[in-house]
Amino acid sequence: MSRPSHRATVPRSDDLVLRELGYTPQLSRRMTGFGNAAISFSVISVLSGCMTLYGFGLATGGPSIMMWGWVVVGFMVLFVGAGLAEVTSAYPTSGALYFMAHKLGGQKWGWYTGWLNLLGLLGAIAGIDYGCALFTGAFLNLQFGFEPTPQKIILIYFVILLLHAVLNLRGVRLVNILNGISVWWHLAGVAVIVAALALVPTHHQSPEFVFTTFVNDTGWSSSLYVVMIGLLLAQYTFSGYDASAHLSEETSNAQVAAPRGIMRAIIWSWAAGFVLLAGLTFAIQDYKGTQGTDTGVPPAQIFLDALGPGGAKALLLIVIVAQLFCGNAETAACSRMIFAFSRDNALPGSHLWQRVKGGTPRAAVWLSVTAAAIIALPSLYSTTAYGAVTAINVIGITPAYAIPIFLRIKNRRRFVLGPWHLGRWGVPIGIVAVIWVAFVTVLFCLPQTRPATGELMNVDTFNYAPAALVAMLALAALWWQIARRRYSVPATAVDRDMAELESEVI
């Protein structure tokens with residue numbers, strides 16, 4: 001009989017736990033607990049998400065919804081993160097979400113969760129690195145008069161993807177070092193940006209403007225609807241913290257370090273993002289000018305108006321480097337997901353993507369950046385493509401967070417808690433998390449702007465998130481019919497080295 005959920009296990013040898021879950025250790029376990037938290041913090045990256053989507057926030061509710069929405073969404077994400085962290089402690093594998101869903105719900109639950117997670121991770125790489133390319137284009141525009149055309153931005157984007165592939169191929173030790181630097185870069189970067197915007201300009205907006213001004217440039221007449229849509233800036237940014245779970249096979253004391261990494265990343269980001277959004281909004285000199293900036297990046301216009309060209313370029317460089325750290329961390333997380341999913345024969349060409357060399361899934365790294373390159377290609381032809389890429393990220397990954405939590409609640413009597421757990425609060429917290437995810441998933445699918453003509457199918461304003469979700473689920477269903485006989489997530493098993501490992505632990 002399975003142990004009831006209120007009985008928790010104590011921390012044990014990482015490799016012993018992995019073997020009990022059915023896998024032979026293949027990856028290099030060189031990541032510290034701080035490094036594990038750092039990778040999720042780097043992926044959330046307030047200097048990427050908040051900056052890239054700031055223009056979206058200016059139109060969908062304006063300053064008040066950006067500020068208070070950040071507070072509310074961050075608080076609710078803590079519930080989701082805590083629920084996911086508890087299940088991560090019980091199942092610390094690179095497969096993360098899909099492995100948890102499989103263990104708690106069965107093959108099909110794992111299969112579809114895995115495909116949703118993969119969709120989200122690939123969309124995240126594309127969204128982060130394309131956003132970095134946009135900011136790089138804005139910097140080059142200020143420095144050299146560079147015209148950031150779609151063709152030039154996509155070339156910059158490809159160079160960034162190549163850089164992240166090369167860095168990840170160097171191994172998890174370098175990834176760990178870069179993530180550690182990333183934490184301090186983000187925190188120091190937010191401090192420098194906010195200090196500069198607070199001290200240099202002679203004019204600042206009032207607290208009343210920052211915390212009470214409501215702006216509706218969406219075309220929709222319902223203020224409540226715009227308020228809900230405005231929450232998406234924060235929700236878009238608060239994604240990617242499953243990276244701590246995906247890197248658990250490379251983390252020491254993973255049953256405790258990985259769940260702690262999830263929670264630390266969310267809390268650090270919640271605090272840093274609020275300070276950053278406040279600093280930006282207080283420093284706005286010309287609201288309409290910021291929205292219609294020639295740089296294509298509203299925060300760059302805030303820097304330019306408040307600090308002049310020299311200061312604007314310096315702060316843009318801080319943001320660009322932070323975004324490079326973010327994209328590198330997301331590439332690491334995605335490649336581990338591809339490796340794990342292929343290890344269980346869930347992807348076409350699985351025998352290629354599960355290969356490991358020097359403790360790194362090198363083929364999976366190349367597949368991650370190649371797929372991300374393809375996803376962003378429509379940006380050459382459509383001004384809405386970047387928003388579509390961002391939608392692909394969140395519409396895939398956010399529901400995937402809730403599935404393991406839902407299954408943990410549904411099967412709570414046979415779920416065995418890991419060393420990091422919520423005790424009797426696990427089920428109530430999980431219920432809140434699932435309800436919140438269901439709510440924001442609906443928001444992701446709603447049209448965000450209304451064209452002047454009133455045509456909801458206008459190609460320039462159409463929300464591609466539902467289409468991306470349906471396409472991915474259709475692909476997953478089709479591949480399930482072809483590959484389900486080969487797909488096999490290991491049941492709990494003990495291999496030949498188990499006796500030796502147990503004797504070492506004893």
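Treat the numbers as computed from the prediction; the structure is a model and nothing was measured. (Residues numbered from 1 in each chain as written. Predicted model: local features only at pLDDT ≥ 70, side-chain atom pairs only at ≥ 80, totals over all residues. Heavy atoms only, no water.)

Q: Is there a simple way to think about the pattern of salt bridges in this case?
A: Any two side chains of opposite charge can pair if their charged atoms end up close together. Using the criterion set out here, one finds 5 salt bridges in the structure. Residue Arg408 pairs with Glu86 through a salt bridge whose shortest N-O separation is 2.8 Å. Taken together, the residues span a long stretch of sequence, with Arg408 in helix H19 (residues 385–410) and Glu86 in helix H5 (residues 62–90) at a distance of 322 residues. A salt bridge links Arg336 to Glu250, with the nearest nitrogen and oxygen atoms 2.9 Å apart. Pair noted here: Arg336 is in helix H16 (residues 298–343) and Glu250 is in the loop between helix H13 (243–246) and helix H14 (254–282), with a separation of 86 residues, a long-range link. Just as Arg336 is buried, Glu250 falls in that class too. (Salt bridge = Lys/Arg side-chain N within 4 Å of Asp/Glu carboxyl O. Helix = DSSP H or I, 4+ residues; strand = E, 2+ residues; numbered from the N terminus. Buried < 20%, exposed > 50% of the residue type's maximum accessible area, 1.4 Å probe, protein only.)

Q: So what exactly am I meant to see when it comes to the environment of Pro428 here?
A: Position of Pro428 relative to the elements: it lies in helix H20 (residues 426–445). Given the relative accessible area of 37%, Pro428 is considered partly exposed. Residues Pro428 and Phe79, spaced 349 residues apart in sequence, show a C-alpha to C-alpha distance of 9.5 Å.

Q: I keep staring at the nonpolar core and nothing clicks. Help me out?
A: Taken as a class, soluble globular proteins show a tendency for nonpolar side chains to be buried jointly. Judged by nonpolar contacts, the single largest core of 155 residues is most densely connected at Ile193 and Phe303. Of all the elements, H16 adds the most residues to this core, at 18 residues. Residues within four places of Ile193 in sequence aside, it is in contact with Leu47, Met51, Leu276, Phe303, Leu315, Ile318 and Val319. (Core = buried A, V, L, I, M, F, W, Y, C linked by side-chain atoms within 4.5 Å. Contact = heavy atoms within 4.5 Å.)

Q: Sorry, what's going on with the side chain of Ser64 here?
A: Along the chain, the position of Ser64 falls in helix H5. Owing to a relative accessible area of 7%, Ser64 belongs among the buried residues under this scheme. The residues contacting Ser64, other than those within four sequence positions of it, are Gly69, Val210, Phe211, Thr212, Thr213 and Phe214.

Q: Which parts of the structure should I look at to understand the side chain of Thr290?
A: Turning to its location among the elements, Thr290 is positioned in helix H15 (residues 287–291). The class for Thr290 is buried, based on a relative accessible area of 1%. Non-local contacts of Thr290, meaning those with residues more than four positions away in its chain, are made with Leu58, Ile284, Pro298, Gln301, Ile302 and Asp305.

Q: Can you walk me through the packing of aromatic side chains in this structure?
A: Remark: the centre distance and the inter-plane angle together describe each pair of aromatic rings, the angle taken between the planes. Summed over all chains, the structure comprises 27 aromatic pairs. Members of the aromatic cluster, connected to one another through ring pairs, are Tyr98, Trp111, Trp115, Phe341, Trp480 and Tyr487. In this structure, Lys152 packs its charged tip against the face of Phe146, placed 5.1 Å from the ring centre. Directly above the aromatic system of Tyr23 lies the positively charged group of Arg343, at a separation of 3.7 Å from the ring centroid. (Phe/Tyr/Trp six-rings, centres within 6.5 Å; stacked < 30°, edge-to-face > 60°. Lys NZ or Arg CZ within 6 Å of the ring centre and 35° of its normal.)

On their own, these measurements won't tell you what the molecule is for.
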